[in-house]
Structures are given as C-alpha cells and as structure tokens.
Amino acid sequence: MSDPGLLASAEELTHLPAAPAQPWRLAALLWLAFVLVVVVHQFQFWRAGRVDTDVLALLPASEQAPEVGRASKLLASGVSRQVVVLLGAPDWTDAKRAAEQWRLALAHSNAPMQAQDHASGQAIDAVLQFYAPWRDRLLTPAQRQQLQQGTSTQQVQRALALLHQPGAGGRLADFASDPLGLWPDWLQARAAQSRARPRDGELWVRGENMDWVVLGYEITGAPFAMNGNAVYQPALDSALRAAQVAAPGVRMLAAGLPLHAEAAAVQASGEINTIGWGSLAAVLLLAWLAFRRWTPILLTGLSLAVGVAAAISVTAWVYGNVHLLTLVFGASLVGVAEDYGIHYFASRQGRPWARPRSLMRSLLPGLLLALATSVLAYLALGLAPFPGLRQMAVFSAAGLVAAFLTAVCWFPLLDRHAPRDSRFAATIRASLARWPRWRANRRTWIALGIAALLSAVGVARLHASDDLRHWQGSPVALQQAQVAAGRLLGSPSVAQFFLVRGVNPQEVLEREEALKERLAALVARGAISGYAAVSDWVPSLRRQQADARLTARVETEVLAGVNAALGERLVRPAAADGAALTPELWLAHPASAAARALWLGPSEGQYLTVVMLHGLHGAELLPQLEGAAAGLEGVRWVDRAGEVSSLLGRYRWAMSALLVAGHLLVLAALWARFRRAAWRAWLPTVVASVAAVAVQGWLGEPFQLSNILALLLLLGIGVDYGIFLLEHDGDGAAWLAVVLGAASTWLSFGLLALSSTPALHAFGLTLMVGVAVVWLGSPCLRRPAPEPAA
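Everything numeric here is computed off the predicted structure, so don't read it as measured data.

A. Examining the nonpolar core more closely. Formed by 107 residues in total, the largest nonpolar core has its most connected members in Leu400, Phe749 and Phe763. With 14 residues, helix α17 (residues 387-414) is the largest single contributor of residues to this core. Counting residues in hydrophobic clusters, the runner-up holds 30 residues, among them Tyr232, Ala239, Met252 and Leu259.

B. Spatial organisation of the layout of surface pockets. In this model, the second largest pocket occupies a volume close to 720 Å³. For the lining of the second largest pocket, the elements supplying multiple residues, two or more each, are α19 (442-460), α27 (678-699) and α30 (758-777). Of the residues contributing to the lining of the second largest pocket, the split by class is 17 nonpolar, 3 polar and 3 charged.

C. Spatial organisation of α17. Taking 1.5 Å as the rise per residue, α17 with 28 residues should run 40 Å; its terminal C-alpha atoms sit 39 Å apart, in good agreement. Of all the bends in α17, the greatest reaches close to 30 degrees and is centred on Val408; the proline Pro412 follows between one and four positions later. Judged by how many residues are buried, α17 sits mostly within the fold: 22 of 28 residues are covered.

D. Representation of the pattern of salt bridges within the structure. One pass over the full model with this rule turns up 17 salt bridges. A salt bridge links Glu208 to Arg487; its shortest N-O distance comes to 3.5 Å. With Glu208 in the loop between β5 (202-207) and β6 (210-219) and Arg487 in helix α20 (residues 476-489), this pair connects stretches of sequence that are 279 residues apart. On the basis of relative accessible area, Glu208 is assigned to the partly exposed category, the value being 37%.

E. Region of the structure containing the confidence of the model for the protein chain. Per-residue confidence for the protein chain gives a mean pLDDT of 81, with 88% of residues at or over 70. Long-range and interchain partners of residues 1-16, a stretch whose pLDDT sits below 50, account for 59 contacts in this model, where long-range means more than four residues apart.

F. Structural detail: a nonpolar patch on the surface. Residues Ile446, Ile450, Leu453, Leu454, Val457 and Trp698 make up a contiguous nonpolar surface patch of about 570 Å² in total accessible area. When residues of the nonpolar patch are assigned to their parent elements, the largest contribution, 5 residues, is made by α19.

G. Expanded view of helix α28 (residues 705-727). The end-to-end C-alpha distance of α28, which contains 23 residues, comes to 34 Å, matching closely the 33 Å that a straight helix rising 1.5 Å per residue would cover. Along α28, the helix axis deviates most sharply at Leu715, where the bend reaches about 30 degrees. For α28, the buried fraction is high: 22 of the 23 residues fall into the buried class.

H. View of the environment of Ser347. Tracing the backbone through its elements, the reader meets Ser347 in helix α15 (residues 339-350). Spatially, the C-alpha atoms of Ser347 and Met360 are 9.3 Å apart, while their sequence positions differ by 13 residues.

I. Quick peek at the packing of aromatic side chains. Enumeration over the complete set of coordinates arrives at 18 aromatic pairs. A centroid spacing of 6.4 Å and a plane angle of 75 degrees characterise the contact between Phe34 and Trp317, whose relative ring orientation is edge-to-face. Placement of Phe34 in helix α2 (residues 21-48) and of Trp317 in helix α12 (residues 294-319) is noted, with a sequence separation of 283 residues between them. Relative accessible area serves as the criterion here: at 29%, Phe34 is assigned to the partly exposed category. Residue class for Trp317 comes out partly exposed when judged on its relative accessible area of 41%. Members of the aromatic cluster, connected to one another through ring pairs, are Phe130, Tyr131, Trp134, Trp183, Trp186 and Trp537. If you follow Arg190 out to its NZ or CZ, it ends over the ring of Trp537, 6.0 Å from the centre. In this structure, Arg199 packs its charged tip against the face of Trp204, placed 5.0 Å from the ring centre.

J. Inspection of the packing of helix α18 (residues 423-434) against helix α29 (residues 732-752) at higher detail. Two elements in contact, α18 and α29, have axes whose closest approach is 8 Å; the angle formed by their N-to-C orientations is 110 degrees. Of the possible angle classes, the one that applies to α18 and α29 is roughly perpendicular. In this structure, α18 uses Phe424, Ala425, Ile428, Arg429, Ser431 and Leu432 to contact α29, whose residues at the interface are Gly732, Ala733, Trp735, Leu736, Val739 and Leu740.

K. Representation of the environment of Asn563. Structurally, Asn563 can be placed in helix α23 (residues 541-566). With relative accessibility at 16%, the residue Asn563 sits in the buried group. Spatially, the C-alpha atoms of Asn563 and Val156 are 10.0 Å apart, while their sequence positions differ by 407 residues. Not counting residues up to four positions away in its chain, the partners in contact with Asn563 are Glu568, Arg569 and Leu570.

L. Main features of the side chain of Asp178. Its place among the elements puts Asp178 in the loop between α8 (172-177) and α9 (182-191). Although buried, Asp178 forms no salt bridge, and the nearest oppositely charged side chain, Arg135, lies 5.6 Å from it. From its side chain, Asp178 meets the backbone nitrogen of Leu182 in a polar contact 2.9 Å long. Setting aside its immediate chain neighbours within four residues, Asp178 contacts Trp183, Pro184 and Glu555.

M. Structural context of unusual backbone geometry. With phi around 55 degrees, Glu208 is a residue other than glycine that occupies positive phi space. Residues other than glycine seldom take positive phi values, yet Asn209 does so here, at roughly 60 degrees.

N. Region of the structure containing the side chain of Asp547. Considering the arrangement of structural elements, one finds Asp547 in helix α23. Accessibility expressed as a relative area gives 3% for Asp547, which makes it buried. Not counting residues up to four positions away in its chain, the partners in contact with Asp547 are Asp136, Arg137, Leu139 and Arg144.

O. Region of interest: the pairing of β5. As paired strands, strand β4 (residues 197-199) and β5 are joined by 3 bridges and run antiparallel to one another. When the bridges of β5 are listed, Pro198 appears paired with Leu203. Judged from the 5 bridges that link them, β5 and β6 form a sheet pairing that is antiparallel. Bridge pairing links Val205 to Trp212 in β6. Where β5 folds back on β6, the antiparallel hairpin that results is connected by 2 residues, among which Glu208 adopts a positive phi of roughly 55 degrees.

Basis of the calculations
- Sequence order as written defines residue numbering, which begins from 1 separately in each chain.
- In keeping with the predicted nature of the model, local features appear solely for residues at pLDDT of at least 70, side-chain atom pairs appear and are counted solely at 80 or more, and the whole-chain, interface and lining totals rest on all residues.
- Side-chain metrics in this entry use all non-hydrogen atoms of the structure; hydrogen atoms and water are not considered.
- Among the buried residues, those of types Ala, Val, Leu, Ile, Met, Phe, Trp, Tyr and Cys that are joined through side-chain atoms within 4.5 Å form a nonpolar core.
- Think of it in three bands: with a 1.4 Å probe and only protein chains considered, a residue is buried below 20% of the maximum accessible area for its type, exposed above 50%, and partly exposed in between.
- Helix and strand definitions here come from DSSP, where helices need a minimum of 4 consecutive H or I residues and strands a minimum of 2 consecutive E residues; each element is numbered from the N-terminal end.
- Lining residues are defined by having an atom within 4 Å of a point belonging to a cavity or pocket. Those points lie on a 1 Å grid over the protein atoms alone, cavities being sets where a 1.4 Å probe fits but cannot get out and pockets being open sets with protein on both sides within 12 Å along at least five of seven lines.
- Grid points are joined across faces, edges and corners, and a volume is the space filled by probe spheres set on the points.
- Each residue gets one label: Ala, Val, Leu, Ile, Met, Phe, Trp, Tyr, Cys and Pro are nonpolar, Asp, Glu, Lys and Arg are charged, and the others, such as Gly, are polar.
- The span you would expect from a helix comes to 1.5 Å times its residue count less one.
- The angle between axes fitted to the seven residues ending at a residue and the seven residues starting there is what we call the bend at that residue.
- Should a side-chain nitrogen of Lys or Arg be within 4 Å of a carboxyl oxygen of Asp or Glu, the pair is scored as a salt bridge.
- What pLDDT conveys is the predictor's confidence in a given residue, as a value from 0 to 100.
- Here, two residues are considered to be in contact whenever any of their heavy atoms come within 4.5 Å of each other.
- Distance thresholds for patches are 9 Å for like charges and 5 Å for nonpolar side chains (Val, Leu, Ile, Met, Phe, Trp, Tyr), applied to residues having over 30% relative accessible area and no salt bridge.
- Calculation of accessible area relied on Shrake-Rupley with a 1.4 Å probe; when residues are assessed, cover is drawn exclusively from the protein chains displayed.
- Only rings of Phe, Tyr and Trp enter the pairing, Trp through its six-membered ring, and a pair is recorded when the two centres are within 6.5 Å. The plane angle decides the type: under 30 degrees is stacked, over 60 is edge-to-face, the rest tilted.
- Should the NZ of a Lys or the CZ of an Arg lie within 6 Å of a ring centre and within 35 degrees of the ring normal, that charge is described as sitting over the ring.
- Here an axis means a line fitted to C-alpha atoms, over the contact stretch when the element is a helix, while the angle between two N-to-C directions is reported on a 0 to 180 degree scale.
- When an angle is under 35 degrees it counts as roughly parallel; over 145 it counts as roughly antiparallel; between 65 and 115 it counts as roughly perpendicular; any other value is oblique.
- The positive count covers Lys and Arg only, the negative count covers Asp and Glu only, and His and the chain ends enter neither.
- Nitrogen and oxygen atoms within 3.5 Å of one another constitute a polar contact, given that in protein one can donate a hydrogen and the other can accept it, and given that sequence-neighbouring residues count only through two side-chain atoms.
- For two strands to count as paired, DSSP must find a minimum of two bridges between them.

Here it is, written out as structure tokens:
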C-alpha cells in the first residue's frame with residue numbers, strides 16, 4: 001500500500017510550478033516503445049506455448065550434487081509423453097472385447113495419441129534374436145548361485161528332469177546348448193520386472209480380482225492447452241463409454257504425466273480467469289463507485305494490462321518460460337498493482353484544481369517509496385532457493401514496476417478531467433471520523449482477552465507440514481488412478497532411486513552389480529520386491545566373462561553325466577566369436593526399450609545410470625536403502641521427495657527467523673520516523689499475522705512455507721496502512737485511498753485462496769485474513785483525537 005507523502009496538501013500544490021512537458025512526453029514515448037516490444041513478444045509467447053506445467057520445475061536443485069537433479073529430469077522426460085491405460089473386467093474375454101471397442105473409439109476421437117505395441121510377437125522375437133549370441137553368459141543371481149554351489153550330481157539330475165519334460169525329446173540339439181534351461185529362466189526374470197505379460201496379442205495383468213488389458217500410448221500433440229479445453233481426458237472418457245457398451249462393468253485406469261499436465265493446465269486456466277478477471281472486475285467497480293468517470297477506470301485497467309503483460313514477458317526473458325502456477329499467482333497481482341492509479345485519482349479527486357503533471361510530481365516520492373517496499377516484499381519470496389518462488393517474485397516485481405511506470409508516464413498526459421466526487425467516496429472519507437479508536441477501558445480489555453484466547457487456541461492447534469504434494473494440484477481421482485495403475489503394474493517410483501556413476505560404461509555396470517549384491521539381501525527379507533538396473537540387461541564385461549567360464553564348466557560336466565546316463569554323445573557347442581555385449585550395442589537395438597530410461601549416458605566426463613526399486617512401501621525402509629549405498633564408490637541414494645520436504649522444512653524455519661528480523665527492522669524504522677507513536681503503525685500487522693496463523697489452526701490446515709512467505713508479504717503491505725494514517729491523521733482522502741487499495745488487495749488474495757493448489761490456497765488464505773485484520777485494525781490505533789477547545 002502507499003507510503004507517506006502520497007497526497008500533497010492544497011497549499012503545496014498551489015505553489016508548485018507546472019512540471020515541464022517535454023521530459024514527461026519523452027518518458028511517455030520511451031515507455032510506449034517498451035510496451036510495443038512487450039505486445040510483439042506476447043503474440044510470440046502464446047503462439048509458442050512456452051508455459052511449463054512440470055511440478056519439478058518449481059523445486060530447488062539438489063543440494064547433494066548437480067547430477068541428481070539431472071537424473072530426476074531425465075527420468076521425468078523419459079515418461080513425459082507416455083500415457084498408460086488399463087481396462088479391467090472380471091472376465092478376460094470381456095476385457096479384450098472392451099479393449100477393441102476402446103481402440104476404435106479413441107481412433108475416431110482424433111486425439112493426438114499414438115499406440116505403442118509392446119505385446120507383438122515381432123517385438124518379442126527381436127529381443128530373443130538380439131540376446132541369442134550371448135545367452136551362455138547371461139545369468140540371474142539365483143542361477144549363478146545354483147551353478148556355484150550345486151554338486152555335479154544335482155546338476156545332472158536337473159538336466160535329466162528337463163530333458164524328460166513333454167516336448168523336450170525332439171530338441172536334443174537345443175538341449176546340448178542349454179542343458180540346464182538357463183536361457184528361458186533369464187528371459188523370464190527380465191519379463192518379471194513388469195507384471196504385464198503377453199496374452200492373446202495383448203499385454204495382460206491380473207489384479208483386484210480382474211483381468212486388465214494394458215494399453216500404451218504416446219502423446220503426439222501439445223502436452224496441454226491453455227484455452228481451458230481438455231483434449232486427452234475427454235477422449236479417454238469417451239472411449240471408456242464405448243467400451244462399456246461392449247462390456248458393461250469394465251473399469252479404466254489412466255496414468256501418465258500428460259494427463260496431469262493437462263489437468264493442471266485446465267485447472268490453472270479456470271483459476272486465472274476467476275482470480276484475474278474477478279480481481280479486475282472488483283478494481284474497476286470500486287474505481288467507478290469512487291470516481292464516477294470512465295477515465296479512471298480505463299487508465300487503471302490500462303496500467304493493470306500493461307503490468308501483467310510486462311510481467312509475463314520479463315519472466316519469459318529471464319527464465320525462458322513461465323510456469324502455470326506463476327500465472328495463477330500472478331493473477332492476484334491485479335489487487336496490488338492498481339494502487340498507483342487509485343492513489344493518483346484519489347488525490348486528483350480531492351485536489352481538482354491541481355495540474356496533472358504537477359500533482360504526479362508531488363506524489364512521485366511517495367509512490368517510489370511505496371513501489372520499493374512492495375517490490376522488496378515480493379522479492380523476499382525469492383530468498384528461498386525454489387525456482388518457482390523466484391519466478392513468482394520476478395513476475396510480481398516486474399508487473400508492479402510496469403504498472404507504476406504506466407501510471408507515472410501516461411496518466412498525467414491522458415487525464416483531462418478530475419474525477420467527480422461521489423456519495424460512495426464521500427461516505428468512505430467521512431467514515432474515518434466515526435471509526436472507533438483504541439481506548440484502555442474494561443470493554444476493550446475484555447474483547448482483547450477473548451481475541452487473545454481464541455488466537456492462542458488456534459495457534460496451539462496448528463500442525464506443520466512440509467509435504468511436497470502441497471505444491472501440486474492434480475485432481476484426487478487422477479492421483480488415485482496413477483497409484484492404482486502403478487500398483488497393478490509394479491512400476492517403480494521415480495522419486496527414490498540409486499544414482500550410479502563411473503568414468504566409463506564398464507565401471508558403471510560393475511558398480512551397479514556391487515550395489516545389487518546388497519539389494520539382494522533386502523529382497524530376500526521382503527523389504528523390497530525387486531530392482532531394475534541396466535546391468536540386468538547388459539552385465540559388465542568382467543561379469544560376462546566370469547559367467548561364461550562358469551557356464552562352460554558346469555554344462556560340460558552336466559553333458560558328460562547325461563551322456564553317461566543315456567548313452568548319448570551330446571557335445572556343447574563352442575561359444576560364438578563376435579562382438580561383446582556392450583551398452584552401445586544394446587542402446588542401438590529396440591531390445592533396450594524396456595530399460596533404456598535407466599541409462600542416463602555421459603555427463604561432465606562421467607557416465608550415469610539409475611537403479612530403480614520395486615515394491616517400496618513405507619518410509620521406515622528408507623534408512624536401510626540409504627545404508628545399502630554406504631561405502632560403495634560412485635553410488636548415491638536419492639530420495640527426491642524426502643530431500644525436498646526436508647528443504648521445505650529448513651527454509652520454513654529460516655524464513656520464520658527472517659520474518660521476525662523483518663518485523664524488528666520495520667519497528668526500528670518506524671521508531672526513527674514516529675518515535676513513541678511507532679507501535680501504532682506496527683502493531684496492526686503483528687495482530688493480523690497472529691490472527692492469520694490462528695485461523696489456519698482453527699481450520700485444521702497445515703502450516704507450511706507458503707504461509708511464512710505470505711506473512712512476509714503481509715509485513716510489506718500491511719505496515720503501509722498504519723504509516724499512511726499516521727502521516728495524514730484525520731485526512732479522509734487518505735483513508736479513501738487506503739480503503740480502495742486494501743479492498744482490491746483483499747479481494748485478489750481472497751480469490752487466490754480458492755486455488756486448488758494447496759500452497760497457493762494457503763498463501764491466499766493467510767493474506768485474505770491478514771489484510772482484512774490490518775485494514776480494519778489500523779484506523780483503530782491512529783493517534784487520539786485532540787481535546788476540544790475549552
């Protein structure tokens with residue numbers, strides 16, 4: 001809100017010389033040139049669709065190492081365009097029939113989604129052909145242990161049992177090349193990393209007493225639309241209705257980042273319209289009621305439009321894109337950026353004889369001070385190392401500066417007539433004299449005691465939460481479907497994993513194998529159900545050579561025992577000479593599709609891979625998993641969600657300390673200006689902060705970092721109300737400016753409290769309560785009225 005000196009007295013304005021027109025016109029033309037650049041950029045920006053929906057983009061870079069953040073981004077990018085749909089029915093025939101109708105309906109919807117075929121016989125044959133030359137050196141840990149510890153007699157008996165299975169007698173040549181059936185078991189272990197299995201030309205999984213058809217799709221169009229119209233989810237729902245006609249009772253689970261991105265875009269579009277247009281309508285309505293001319297309304301609307309457009313452009317120039325949550329948060333900027341225009345026209349209404357340029361020149365020192373305090377309050381949001389918060393801070397600061405410059409450079413040139421006085425404005429000006437003042441009597445102390453008791457109970461009920469999920473606003477149904485699909489498919493989490501690095505691919509694979517030996521103990525205890533690593537598909541050369549020697553020795557002994565038992569002359573084929581199985585060969589072949597995302601490739605002179613975990617349930621296991629990486633060179637345990645939540649908690653405390661320090665600094669500054677009356681400008685903001693926190697406790701909402709950031713902003717906004725009333729004690733025009741500015745600010749942040757994103761909702765709720773309390777409380781603490789003359 002405004003600072004002292006915004007409204008000049010009539011005597012000051014009477015003696016002010018007319019401000020020179022030439023420098024003012026030059027400033028107006030320069031600002032017009034910049035605004036035209038912004039207009040051109042706006043067309044380019046919205047055509048390019050440079051709006052980010054990735055919640056990871058809001059989060060800080062890893063405090064551990066840069067490669068951790070890169071690994072997280074690469075893992076997310078690997079699935080950024082993937083959608084998985086599961087269609088389930090109690091009967092497999094019904095599920096297949098539903099899938100057929102579902103495919104037809106989706107094709108007719110023209111949704112930009114391309115089917116991915118993972119169940120075709122050709123794809124499976126391609127995998128078999130790729131690995132066939134190296135099948136003598138591909139062993140699972142269980143097979144390796146069996147070959148190392150089993151006796152020759154046991155191995156021969158196992159081989160004879162396999163040979164006497166139905167259909168095995170006609171393939172003695174194949175038997176000689178794999179007498180222990182190692183190759184099929186290894187392939188089965190690779191397939192076991194996903195619960196989906198080929199069945200009748202489909203991918204099938206069983207769960208929840210239903211048979212499910214698994215359908216994979218890749219998004220071919222834009223991942224989301226900012227026009228508020230969903231594309232992908234309606235197409236999926238329409239296809240489901242068609243499938244339910246063919247197979248009543250069929251269920252659908254749809255999961256994938258594009259669906260969350262689209263839901264966030266549609267949700268954000270609605271919130272931007274609600275918050276932005278709602279705030280704008282409120283501001284313009286207040287301006288009309290107060291000034292009763294179109295000029296204040298149109299010019300105030302112009303300053304807001306320029307402010308928002310410049311905020312988007314500056315943010316895009318600095319960061320390359322603008323996040324959806326920044327746009328939602330920025331929509332509340334309307335309630336703050338209009339202050340400059342409101343103060344100008346309130347002063348113009350009260351001093352209609354003043355020349356516009358002279359009036360603006362007299363207001364300029366106070367406006368600059370108000371701009372500085374507001375911009376600093378917003379930039380304080382960027383002190384936390386969160387890219388999302390820093391982007392919001394830049395967006396808000398740029399928008400305020402642009403709205404300020406629009407008002408200063410253009411309003412004096414475009415304003416031709418002073419606003420009319422209105423009953424609405426006169427009523428507000430007159431209300432200041434009737435507003436109650438603080439009086440130390442019994443009734444006041446009782447009311448204060450009740451308020452303090454309610455606040456204490458609310459604060460006592462408060463519970464802190466640093467959950468990462470507060471920063472994302474995906475619909476609950478979509479989140480539940482994502483969890484259910486992941487549970488059915490046994491998909492690993494991308495939030496917790498092991499990051500493995502080495503100077504070359506072979507060192508990375510060897511370090512993975514050392515890690516897997518430790519993880520095997522956790523699998524044996526049932527702590528996790530399994531893991532996924534590149535070395536499962538491409539063992540290190542050292543491991544391949546050792547397994548090839550082990551396999552050759554045991555199989556030679558087994559064939560000798562089988563020949564002795566059956567009187568045959570089976571000979572193990574010689575190992576084929578050729579290129580070794582390496583990551584380079586594997587990555588270049590479609591057989592790597594199932595695990596290619598685990599290979600992150602070279603980065604700053606090192607190679608990176610990730611080892612994912614299956615069946616990780618419960619935070620109590622995280623310390624054990626962290627311990628599995630202890631002492632292993634080049635292996636790091638990454639708990640992205642835990643790391644960010646811990647960071648949120650630390651910065652919640654750090655920003656709380658900054659908030660206390662800010663209050664002390666503000667009180668010191670107020671003391672320097674107002675001396676013993678300083679508490680009258682400071683105390684309303686303190687009371688408002690306590691009230692806002694107490695309301696959080698009474699509502700049972702978690703207290704989080706966004707609440708602290710809102711209280712910082714409240715300090716920057718709220719103290720100005722008290723300052724303004726102390727500087728212009730009893731001035732009705734000053735009170736009119738305070739009321740109009742506070743009302744629009746309250747409406748903007750009140751609408752932000754309607755956001756479905758928990759962090760923005762908490763931010764808006766805190767400011768809605770805080771601004772209301774400081775607005776209503778500041779006039780109560782103005783100086784006592786002078787005693788009437790005797």
